[in-house]
Protein chains: 2
Amino acid sequence: MAHLTVSVEYAIHSLLWLVDAETAPLSSRDLADFQGVSPSYLAKIFPKLEKAGIVKASEGVRGGYELARAPEDINFLQIVDAIEGRKPLFDCQEIRGRCAAFGELPPTWATRGVCSVHAVMLRAEKAMRETLAGASLRDLTQAVSRKAPPEFANDVKAWLGERVLRRAGKSSSSARLSSHGEDLS
Amino acid sequence: MAHLTVSVEYAIHSLLWLVDAETAPLSSRDLADFQGVSPSYLAKIFPKLEKAGIVKASEGVRGGYELARAPEDINFLQIVDAIEGRKPLFDCQEIRGRCAAFGELPPTWATRGVCSVHAVMLRAEKAMRETLAGASLRDLTQAVSRKAPPEFANDVKAWLGERVLRRAGKSSSSARLSSHGEDLS
DNA sequence: CATAACACGGATAATATCACTCCGCGTTTG
DNA sequence: CAAACGCGGAGTGATATTATCCGTGTTATG
Ligand code: FES
Ligand code: FES
């Protein structure tokens, strides 16, 4: 867990829209266009979530992704680990064994167990991971719905629903897909 | 605080030897050779600790560094911030404002305050920082002295004392500087 | 059956950071 | 004055991040 990259931001925000999605599954392209991020990059992120068992993929046309578990069983730590691959916060180089006060090879007491400096870093990483594990996708959707006005959920479903209809070939109703007057050139 | 780099490991281990150092000040070169790390790289780290007020520098020959405060008043968080420069754990790109359900510019409720995803990351970073702030340099020296045999402290002082004598020009007694039979070619 | 829209993986490139080296300058001791 | 310091800037190779493009396989639709 070296650093929380933008891939994590893309992933969590994408998963947010998969919760309560009526028009499932949603393609990575749909989610990218909806959020205004790079489609090709988001397409590289979802296979990681799928291998971690967080989302379920369906192939072929009309395929896409849906949540593999209930949103209360998906937490931030699982998402971060799925994407960043369990990299440690601190990468100990075992300085302690190269002390010149030792001869060629250090005594056993010096290299046994975890270095006291490293132990503090491990505690810090554990505190961070526990905080991430304590935040579920369900908590996130509740926080968002407290913030957004009630009609926003309908706008989202209208936009995504229009997307699904359009790629189904029925590309007749191409205007007025959102109550905010969005059009795509 | 993007990632705890090896510079942090070098810094904390170096500061460890500055606690209870009888032959003060110690040069960055002394500390690097003693620990078996790159002298030129460690020399780039100490000015950061000096600007943070953790360490006090003396210039000229026989100069070097000593702790600027008592070791119980120096914690891991101060050292990490001094070296990594307060970089955040998570760099929010404000994805939420680019949602296609909004028109050209997003409504105020969507961009006001901190994003709910970002808020979780800030809590995780806070938990990590509090753990780091709870570990002082004094705690570290106590943990090390519990681990090392009592004669080790004498070995360290002998090696560093010999180093100070040698660069003082009195380079006659160059052998048998450690009870482990260390010699430097 | 042909096509188009998917997922998936590999290759590539631009940018940034990291670990590290080298140099020159000013300061201080002997 | 010379040697040993601290200090700052420039530069280098390795790696990671962000992003794009392409090819392969799968599946629904016409
Ligand atoms: S040897 Fe790596 S942190 Fe001490
Ligand atoms: S917009 Fe950056 S974390 Fe939500």
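Taking an unreviewed UniProt entry as the reference, chain A is identified by name as Rrf2 family transcriptional regulator belonging to Parasphingopyxis marina.

Attention now moves to the overall build of chain A. Each helix and strand in chain A was counted, giving 8 helices and 2 strands. If you list the helices and strands of chain A from N to C, you get α-α-α-β-β-α-α-α-α-α. A burial count over chain A gives 49% of its 185 residues as buried. In chain A, 68% of the contacts between residues at least 6 apart in sequence involve partners at least 24 apart. Total accessible area on chain A is roughly 9000 Å²; 52% of this is exposed by carbon and sulfur atoms.

On to helix α6 (residues 116-133) of chain B. Counted at 1.5 Å a residue, the expected span for α6 of chain B with its 18 residues is 26 Å, and the 25 Å between its end C-alpha atoms agrees. Every buried residue of α6 of chain B is listed here: Ser116, Val117, His118, Val120, Met121, Ala124, Glu125, Ala127, Met128, Arg129, Thr131 and Leu132 of chain B.

This brings us to the packing of aromatic side chains. By the definition in use, this model includes 16 aromatic pairs over all chains. Their ring planes at 80 degrees and their centres at 5.9 Å tell us that Tyr10 of chain A and Tyr41 of chain A sit as a pair that is edge-to-face. In this pair, Tyr10 of chain A sits in helix α1 (residues 6-18) while Tyr41 of chain A sits in helix α3 (residues 39-51), placing the two residues 31 residues apart along the sequence. When its relative accessible area of 13% is taken as the criterion, Tyr10 of chain A is described as buried. Among the aromatic residues, those joined into a cluster by ring pairs are Trp17, Phe34, Phe152 and Trp159 of chain A together with Phe102 and Trp109 of chain B.

All names here are of chain B. All told, the structure shown has 16 salt bridges over all chains when counted by the stated rule. Across the pair Asp33 and Arg29 runs a salt bridge, and its minimum N-O distance is 3.3 Å. Linking Asp33 with Arg29, this pair stays in helix α2 (residues 28-35), spanning 4 residues, or about one helical turn. By relative accessible area, Asp33 is classed as partly exposed at 23%.

What follows covers the pairing of strand β2 (residues 64-67) of chain B. Residue and element names in this part refer to chain B. Pairing between strand β1 (residues 55-58) and β2: 4 bridges, direction antiparallel. Note on β2: the bridge partner recorded for Ser58 is Gly64. Counting the residues in the hairpin turn of β1 and β2 gives 5 residues, including Gly60, whose phi is positive at 80 degrees.

For the pair chain B and chain A, the best superposition has an RMSD of 0.1 Å and corresponds to a rotation of 180 degrees with a translation of 0.0 Å parallel to the axis. Here the two chains are linked by the operation of a two-fold rotation axis. The fraction of interface residues of chain B whose copies in chain A are also interface residues reaches 100%, indicating that both copies meet through the same surface.

Residue and element names in this part refer to chain A. There is a patch of like positive charges on the surface, built from Lys44, Lys48, Lys51 and Lys87. Mapping Lys48 onto the fold places it in helix α3. Owing to a relative accessible area of 36%, Lys48 belongs among the partly exposed residues under this scheme.

Before going further, it helps to examine the packing of helix α1 (residues 6-18) of chain B against helix α3 (residues 39-51) of chain B. All names here are of chain B. In contact at an axis separation of 10 Å, α1 and α3 are set at 75 degrees when each is read in the N-to-C sense. As judged from the angle between their axes, α1 and α3 are roughly perpendicular. For the pair α1 and α3, contact is made by Val6, Ser7, Tyr10, Ala11, Ser14, Leu15 and Leu18 and by Tyr41, Leu42, Ile45, Phe46 and Leu49, respectively.

Here we take up the interface of chain B and chain A. The partner chain A presents 59 residues to the 57 residues of chain B that form the contact. Roughly 5100 Å² of surface becomes buried between chain B and chain A when both sides are summed, with 70% attributable to carbon and sulfur atoms. Linking chain B with chain A are 0 salt bridges. If you look at where chain B meets chain A, you find 16 residue pairs in polar contact (both at pLDDT 80 or more). Listed by contribution, the elements that provide at least two residues to the side of chain B that touches chain A are α1, α2, α6, α7 (137-147) and α8 (151-167) of chain B. Looking at the side of chain B that touches chain A residue by residue, the classes come out as 36 nonpolar, 11 polar and 10 charged.

A few words now on helix α2 (residues 28-35) of chain A. Residue and element names in this part refer to chain A. Within α2, 6 of the 8 residues are buried, leaving the element largely enclosed by the surrounding structure. The complete set of buried residues in α2 reads Ser28, Asp30, Leu31, Ala32, Phe34 and Gln35. Where α2 terminates, the next one or two residues include Gly36, which has phi positive at roughly 75 degrees.

Here is what the cut-offs are and how they apply
- Residues numbered from 1 in each chain as written.
- Chains lettered and ligands numbered in written order.
- Predicted model: local features only at pLDDT ≥ 70, side-chain atom pairs only at ≥ 80, totals over all residues.
- Heavy atoms only, no water.
- Helix = DSSP H or I, 4+ residues; strand = E, 2+ residues; numbered from the N terminus.
- Buried < 20%, exposed > 50% of the residue type's maximum accessible area, 1.4 Å probe, protein only.
- Contact = heavy atoms within 4.5 Å.
- Areas by Shrake-Rupley, 256 points an atom, 1.4 Å probe, with all protein chains shown as cover.
- Expected span 1.5 Å × (residues − 1).
- Phe/Tyr/Trp six-rings, centres within 6.5 Å; stacked < 30°, edge-to-face > 60°.
- Salt bridge = Lys/Arg side-chain N within 4 Å of Asp/Glu carboxyl O.
- Pairing = 2+ DSSP bridges.
- Least-squares fit on C-alpha atoms with pLDDT ≥ 70 in both.
- Patch = residues over 30% accessible without salt bridge, like charges linked within 9 Å, V, L, I, M, F, W, Y side chains within 5 Å.
- Lys, Arg positive; Asp, Glu negative; His and termini not counted.
- Charge placed at Lys NZ, Arg CZ, Asp CG, Glu CD.
- Axes fitted to C-alpha atoms, helices over the stretch in contact; angles between N-to-C directions.
- Parallel < 35°, antiparallel > 145°, perpendicular 65-115°, else oblique.
- Buried area = accessible area lost by both parts, 1.4 Å probe.
- Polar contact = N/O pair within 3.5 Å; in protein donor to acceptor, adjacent residues only side chain to side chain.
- Nonpolar A, V, L, I, M, F, W, Y, C, P; charged D, E, K, R; others polar.

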